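# Inside the fold
One-letter residues, chain by chain:
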Amino acid sequence: MLGIVRQKVLGQSLQKVRPGVSLLRSYSSAAKQMTVREALNSALDEEMSADPKVFLMGEEVGEYQGAYKISKGLLEKYGPERVLDTPITEAGFTGIGVGAAYYGLKPVVEFMTFNFSMQAIDHIINSAAKSNYMSAGQISVPIVFRGPNGAAAGVGAQHSQCYAAWYASCPGLKVLTPYNSEDARGLLKAAIRDPDPVIFLENELLYGESFPVSDEVLDSSFCLPIGKAKIEREGKDVTISAFSKMVGHALKAAEILEKDGIDAEVINLRSIRPLDRSTINTSVRKTNRLITVEEGFPQHGVGAEICASVVEESFGYLDAPVERVAGADVPMPYAANLERMAVPQVEDIVRAAKRACYRSVPLAAAA
Amino acid sequence: MALSMCRYVWWLSLSFPLHQFLPTLPARRLFPRPFPRCFRPPFFFLSPPSSLLYLSQSIFHSLLHLPFSLLSSSPANTPHQKPKGSRKVERDRTMSSAFSAGKFTTQPFPLNTSSPRSHDKPFNIPSATSPFFGSSRKLRLNSSSKLNLHRRSGTVVAVSDVVKEKKSKFAPNLLITKEEGLVLYEDMVLGRAFEDMCAQMYYRGKMFGFVHLYNGQEAVSTGFIKHLKKEDSVVSTYRDHVHALSKGVPARAVMSELFGKTTGCCRGQGGSMHMFSSEHNLLGGFAFIGEGIPVATGAAFTSKYKREVLKEADCDHVTLAFFGDGTCNNGQFFECLNMAALWKLPIVFVVENNLWAIGMSHLRATSDPQIYKKGPAFGMPGIHVDGMDVLKVREVAKEAIGRARRGEGPTLVECETYRFRGHSLADPDELRDPAEKAHYAARDPITALKKYLIENSLASEAELKAIDKKIDEVVEDSVEFADESPLPSRSQLLENVFADPKGFGIGPDGQYRCEDPKFTEGTAHV
């Protein structure tokens, strides 16, 4: 497993970091560009620098500079006491992080991928999420669990899964899903400053992507509010809600739909729990149509929850059935062609949006 | 010192090669016998050389005596033995010869001496000047055979025997002062009386759910926690009432919590298995096996972090992690022994080995039942102590906590104890042998301490009676208080889910839901 990750990391950092850097150089006069990796790294760096109680722990975060190089340079800057390489013992080190949070520190626990958080889910749910309540507010747990989540590429079923719905169903947790560099910076800083346990779901395939960032985003005081969605693209015909990598897909789908005369509104959820029901419902009341997009499994998923919220609060405004675009209801296959079919694609979103707008006959076996 | 440690571990493995024999014995017969009678210790073991320190003795001591004096085959000396046992002896002997002890004359424990790692990071086992394993001078028995006799005759043996011998020769050189003795006594009696009251209240329907009582194990809680400072932390299990009491949480607050009342230490939101008190640094109450150990390790990590990173030079806080024998088969136990030793954290892992994990005998569950031996495997001292003897526990606790406080790293302490009641109040407790229960009932830690205090003129019968009475009143008062306390109000339902209630998110009106008046009234739809 480590071998796979290492190969991936090397490959990615070579292929994707470099274009980001060169973009920065050649377009220095335009809006600044930043990769999600740099955004996360700088957010961690600034928060560690601002508060000595913040420390990073996890597998390969120190000397290896992070399995995905998110913690690059932090060991040199903050030393091994604050950038703590742990043995491969998720249950153990996650519990240690939670215990440290009980006792006044602000740990950032990195899972090499969120799939490994399954080994430690007892501490996330039972030790972290419930303690503030069980102790009647005596023991708060200011901890961040972060790491790449969702489908990677070609790593099979155990390494390709979205945990947004899993963790979002547990009271006491906050679940954040950044899409671009602005999200990554603003939400990670907010997560670290938050007094409650936060699940911070990154996406491996986005780490190397560059996004424009404003000066405001680059300011060390920049922070995004937890629980507020962002309307990435305004539109009037159909609402597409998405999070993490799927926001990119939704935006691409919106471009395609525009050519067909459909003006789609794209909501970047940013926070799965708390869920910004207000923004979603306001948008649906405007467009009267809704497509939800997620990488995770459809049953009891984020889309199902959004759908329920819209049915409860904006039922009378709907002009078409809500469509859910989600990962296929199967463990992730390895073969590239099957894998592609198991993950939502841009064309799936386009097709769903057209159906909702009654522009095309639904294709039964489209997925 | 390291050498003598090796020797002692080696001796034990030589003398008690249990794991080789256990599978071959019929399971049912194993239950009541932690150590099959066939393992008669070799002669030299009965008269340990003077260099052997106190703890080795206490280990040897409890190994020898806990299992119903089974090591002796004399019928007169085995009061609890069943008649049909004699045939068993024969069979066991045969097996004993088939698996001779020679098989176990492997090397002395290699970790301390030969491996390069142990040279890199030498153990900080204190030298003879620092009586980690108890002071041999103070506690060594004059004659172990005498003691053996003592135990066999069925007398309750605590440290009192040791001291009596001392007393006969010298001026009293007691293990505790009168004040200390009374504190220990009061704490243990409080634990016992409180738990007995819990049983009553449970059967009267005043408390509900799973209630796990601590009766019989008081020496461990008292012996350890009474050594702590207020800033030190305790992480407990589902059997946590008495740990909370020992740590100073008022009986009223614990009882109210059990009653589900708003005056409870967690306002009725935690319950029996989830006692927290940030004021007393009681970090829970963990209901799952092994779950508390990483949290405790994290608290210990914090002490180190505060000292080294936050430069709080006076932060020498120690964490105690309590858990049972069943937990020692759980992965989190091993993960945390590793990390605690690796990072030299100020923690003491306290195993309350009461021999039973619900209905699973420790011997049926564990390949090598001597838990303390797992300490050296991770590079920390592993100590076995008679958990029915508060003074012995206290001695060990003092050094283990001292080690942690001095920054010398973690210690694993196995306290061999027994619970006098079932696993929980819902447990019919049908699997444990009545003879086993009777044996340990006769070693009641409170009776033993009482005897010690009186025999050594540390306290009079009247003084102890007065404490008993006082505690009865405290417990009665806690019940009255809990009974009269109000139930949590409706508004409490939605409180404390998040430290920042904005975690509930934004409502349909675009405002934070926690700002809705219905929310604070507890009438909001969530």
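Each remark here, short or long, concerns the structure printed above.
Worth saying up front: this structure is predicted, and the values here are computed from it rather than measured. (Residues numbered from 1 in each chain as written. Chains lettered and ligands numbered in written order. Predicted model: local features only at pLDDT ≥ 70, side-chain atom pairs only at ≥ 80, totals over all residues. Heavy atoms only, no water.)

Summing up its helical and strand segments, chain A has 14 helices and 14 strands in all. Put simply, chain A has 367 residues, and 63% of those count as buried. Taking the contacts inside chain A whose residues are at least 6 apart along the sequence as the reference set, 80% of them involve residues at least 24 apart. Entry remark: accessible area of chain A is about 13500 Å², with carbon and sulfur atoms responsible for 55%. (Helix = DSSP H or I, 4+ residues; strand = E, 2+ residues; numbered from the N terminus. Buried < 20%, exposed > 50% of the residue type's maximum accessible area, 1.4 Å probe, protein only. Contact = heavy atoms within 4.5 Å. Areas by Shrake-Rupley, 256 points an atom, 1.4 Å probe, with all protein chains shown as cover.)

This brings us to helix H13 (residues 218-225) of chain B. Counting buried residues in H13(B) gives eight out of eight residues, a clear majority hidden from the surface. Of all the positions in H13(B), only Glu218(B), Ala219(B), Val220(B), Ser221(B), Thr222(B), Gly223(B), Phe224(B) and Ile225(B) are classed as buried.

Considering all chains together, one arrives at 45 salt bridges over all chains under this definition. Its salt-bridge partner being Glu46(A), residue Lys189(A) comes within 2.4 Å of it at the nearest N-O pair. With Lys189(A) in helix H8 (residues 181-193) and Glu46(A) in helix H2 (residues 36-50), this residue pair connects regions lying 143 residues apart in the sequence. Taking the shortest distance from any N to any O, the salt bridge between Arg421(B) and Asp196(B) comes out at 3.1 Å. Taken together, the residues Arg421(B) in the loop between strand S8 (411-416) and helix H21 (434-441) and Asp196(B) in helix H12 (residues 178-203) connect sequence positions 225 residues apart. What makes Asp196(B) partly exposed here is its relative accessible area of 30%. (Salt bridge = Lys/Arg side-chain N within 4 Å of Asp/Glu carboxyl O.)

Turning to the sheet that holds strand S14 (residues 323-325) of chain A, a few remarks are in order. All names here are of chain A. Spatial ordering of the open sheet is given by S9-S11-S10-S13-S14, a layout of five strands whose pairing is mixed. Looking along the sheet, the strands with just one partner apiece sit at the ends: strand S9 (230-233) and S14. Across the sheet, the mean angle from the axis of one strand to that of its neighbour is 25°, orientation sign disregarded. Bridge analysis of S9 against strand S11 (residues 264-268) gives three bridges, and the strand direction is antiparallel. Bridging from a neighbouring strand, Arg233 pairs with Val266 of S11. (Pairing = 2+ DSSP bridges. Axes fitted to C-alpha atoms, helices over the stretch in contact; angles between N-to-C directions.)

Taken as a whole, this structure holds 24 aromatic pairs over all chains when the rule is applied. Consider the rings of Phe504(B) and Phe519(B), whose centres lie 4.7 Å apart with planes at 70°: the pair is edge-to-face. In this pair, Phe504(B) is assigned in the loop between helix H23 (461-484) and helix H24 (517-521) and Phe519(B) in helix H24, connecting sequence segments 15 residues apart. The rings of Phe93(A), Phe111(A), Phe114(A), Phe145(A), Tyr163(A), Trp166(A) and Tyr167(A) are connected pair by pair, giving a single aromatic cluster. (Phe/Tyr/Trp six-rings, centres within 6.5 Å; stacked < 30°, edge-to-face > 60°.)

Contact with chain A, which involves 55 residues of that partner, is made by 56 residues of chain B. Here chain A meets chain B over a buried area of about 4200 Å², counting both sides, of which 65% is carbon and sulfur. The three residues of chain A that bury the most area against chain B are Tyr103(A), Tyr133(A) and Met134(A), which together make up 20% of that side's buried surface. Here chain A and chain B share 19 residue pairs in polar contact (both at pLDDT 80 or more) between them. At nine residues, the largest contribution of residues to the side of chain A that touches chain B is made by helix H4 (residues 90-102) of chain A. In the side of chain A that touches chain B, the residues fall into 24 nonpolar, 17 polar and 14 charged. (Buried area = accessible area lost by both parts, 1.4 Å probe. Polar contact = N/O pair within 3.5 Å; in protein donor to acceptor, adjacent residues only side chain to side chain. Nonpolar A, V, L, I, M, F, W, Y, C, P; charged D, E, K, R; others polar.)

Now for the nonpolar core. Core analysis: the biggest nonpolar cluster contains 149 residues, and Phe145(A), Phe224(B), Met255(B), Phe301(B) and Phe349(B) have the highest contact counts within it. Counting residues per element, this core draws most heavily on H12(B), which supplies 13 residues. In this structure Met255(B) touches Phe194(B), Met197(B), Cys198(B), Met207(B), Ser478(B), Val479(B) and Ala482(B), once residues within four positions along its chain are discounted. Residues Val54(A), Tyr78(A), Ile291(A) and Ala353(A) belong to the second largest nonpolar core, which totals 66 residues. (Core = buried A, V, L, I, M, F, W, Y, C linked by side-chain atoms within 4.5 Å.)

Attention now goes to the environment of Val284(A). All names here are of chain A. Mapped onto the elements of the fold, Val284 is located in helix H11 (residues 277-287). The class of Val284 is buried, set by a relative accessible area of 0%. Sequence spacing of Val284 and Asp237 is 47 residues, and the spatial spacing of their C-alpha atoms is 9.4 Å. The contact partners of Val284, leaving out residues within four places of it in the chain, are Thr239, Arg289, Leu290, Val310, Ser314 and Leu318.

All names here are of chain B. Between helix H15 (residues 251-259) and H23, the shortest axis-to-axis distance is 8 Å and the interhelical angle comes to 45°. Classified by the interaxial angle, the pair formed by H15 and H23 is oblique. Regarding H15 and H23, the two cross each other, and that crossing is right-handed. Within the contact between the two elements, H15 uses Ala251, Arg252, Met255, Ser256 and Phe259 and H23 uses Val474, Asp477, Ser478, Val479, Phe481, Ala482 and Asp483. Taken together, the residues of the contact of H15 with H23 sort by class into seven nonpolar, two polar and three charged. (Parallel < 35°, antiparallel > 145°, perpendicular 65-115°, else oblique. Left-handed = near helix turned anticlockwise from the far one by under 90°.)

This paragraph deals with the sheet that holds strand S7 (residues 382-386) of chain B. All names here are of chain B. Sheet architecture is open: six strands sit in the order S2-S1-S3-S4-S8-S7, paired in parallel fashion. At either margin of the open sheet sits one strand with a lone partner, and together these are strand S2 (282-285) and S7. Across this sheet, the average inter-strand angle for adjacent strands is 15°, counted without regard to direction. In this structure, strand S3 (residues 319-324) lies alongside strand S4 (residues 347-353), joined through six bridges in parallel fashion. Along S4, the bridge assignment pairs Phe322 with Val350.

The subject of this paragraph is the packing of H12(B) against H15(B). Residue and element names in this part refer to chain B. Packing of H12 against H15 brings their axes to within 12 Å, and their N-to-C directions diverge by 25°. The angle between H12 and H15 falls in the class roughly parallel. Our pair here, H12 against H15, has a crossing hand that is right-handed. Residues Phe194, Met197, Cys198 and Met201 of H12 lie in contact with H15, whose contacting residues are Ala251, Val254, Met255, Leu258 and Phe259. For the contact of H12 with H15, the residue count by class is nine nonpolar, no polar and no charged.

Residue and element names in this part refer to chain A. Counting buried positions along strand S10 (residues 238-242) yields five of five residues, so the element is predominantly enclosed. The pairing of S10 with S11 spans five bridges and is parallel. The partner of Thr239 across the bridge, within S11, is Glu265. Remark: the S10/helix H10 (residues 245-259)/S11 crossover connection has right-handed handedness. (Right-handed = clockwise from strand over helix to strand, strands pointing away.)

In this section: the side chain of Asn115(A). All names here are of chain A. Tracing the backbone through its elements, the reader meets Asn115 in the loop between strand S4 (106-110) and helix H5 (121-129). Here the side chain of Asn115 touches Thr113 through a polar contact of 2.8 Å, side chain to side chain. Beyond its immediate stretch of four places on either side in the chain, Asn115 contacts Gln158, His159, Ser160, Gln161 and Tyr163.

Let us look at unusual backbone geometry. In this model, Arg273(A) is joined to Pro274(A) through a cis peptide bond whose omega is -5°. Position of Pro274(A) among the secondary structure elements: in the loop between strand S12 (271-273) and H11. At Glu60(A), a residue that is not glycine, the phi angle is positive and equals roughly 65°. For Glu60(A), the position within the fold is in the loop between strand S2 (54-58) and helix H3 (74-78). Of note in this structure, Asp429(B) is not a glycine but carries a positive phi near 55°. Tracing the sequence through the fold places Asp429(B) in the loop between S8 and H21.

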